[in-house]
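# Secondary and tertiary structure notes
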Amino acid sequence: MSRQKICFVIPEYNQKTSTHFSHLYDFVELLSREYDIFLVAEKGSDKVSRATNYYIQKWRFLPFRIL
């Protein structure tokens with residue numbers, strides 16, 4: 001049986017942040033043991049766990065990000 005897939009979209013991926021998104025990083029890592037996780041971050045500079053597929057948007061200009 002194939003593993004279920006989950007996609008997370010977050011505004012920023014930064015392990016050293018003090019925002020309320022920081023608790024999601026450990027949660028996503030934990031979920032990746034049971035599910036295939038794809039994480040989309042609007043901005044970020046850190047590498048995401050190897051257990052997770054991810055994409056960090058490269059466009060900072062709003063009209064290009066919408067496209």
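Data block above holds the structure.
Residues numbered from 1 in each chain as written. Predicted model: local features only at pLDDT ≥ 70, side-chain atom pairs only at ≥ 80, totals over all residues. Heavy atoms only, no water.

### So, the pattern of salt bridges
For clarity, the cut-off: By definition, a salt bridge exists where a carboxyl oxygen of Asp or Glu is found within 4 Å of a side-chain nitrogen of Lys or Arg. Only runs of H or I of at least four residues qualify as helices and only runs of E of at least two qualify as strands under DSSP, and these elements are numbered from the N terminus. Three labels apply to residues, based on accessible area from a 1.4 Å probe with only protein chains included: buried if under 20% of the type maximum, exposed if over 50%, partly exposed otherwise in between.
Counted according to the given criterion, the structure contains one salt bridge. Here Asp-36 makes a salt bridge to Arg-3, at a shortest N to O gap of 3.2 Å. Taken together, the positions of Asp-36 in strand β2 (residues 36-41) and Arg-3 in the segment before β1 (5-10) put the pair 33 residues apart, joining distant regions of the chain. Residue classification places Arg-3 among the partly exposed positions, given a relative accessible area of 39%.

### Focus on the sheet that holds strand β3 (residues 53-56)
Our working definition: One requirement defines pairing of two strands: DSSP has to find at least two bridges between them. Lines fitted to C-alpha atoms define the axes, with helix axes restricted to the stretch in contact, and inter-axis angles between N-to-C directions lie between 0 and 180 degrees.
With respect to topology, three strands assemble into an open sheet ordered β1-β2-β3, the strand pairing being parallel. Across the chains shown, the open sheet's two edge strands, defined by having one partner strand only, are β1 and β3. Put simply, the sheet's adjacent strands are angled 15° from each other on average, direction ignored. Both β2 and β3 contribute to a ladder of four bridges, which runs parallel. Bridge pairing in β3 links Val-40 to Tyr-55.

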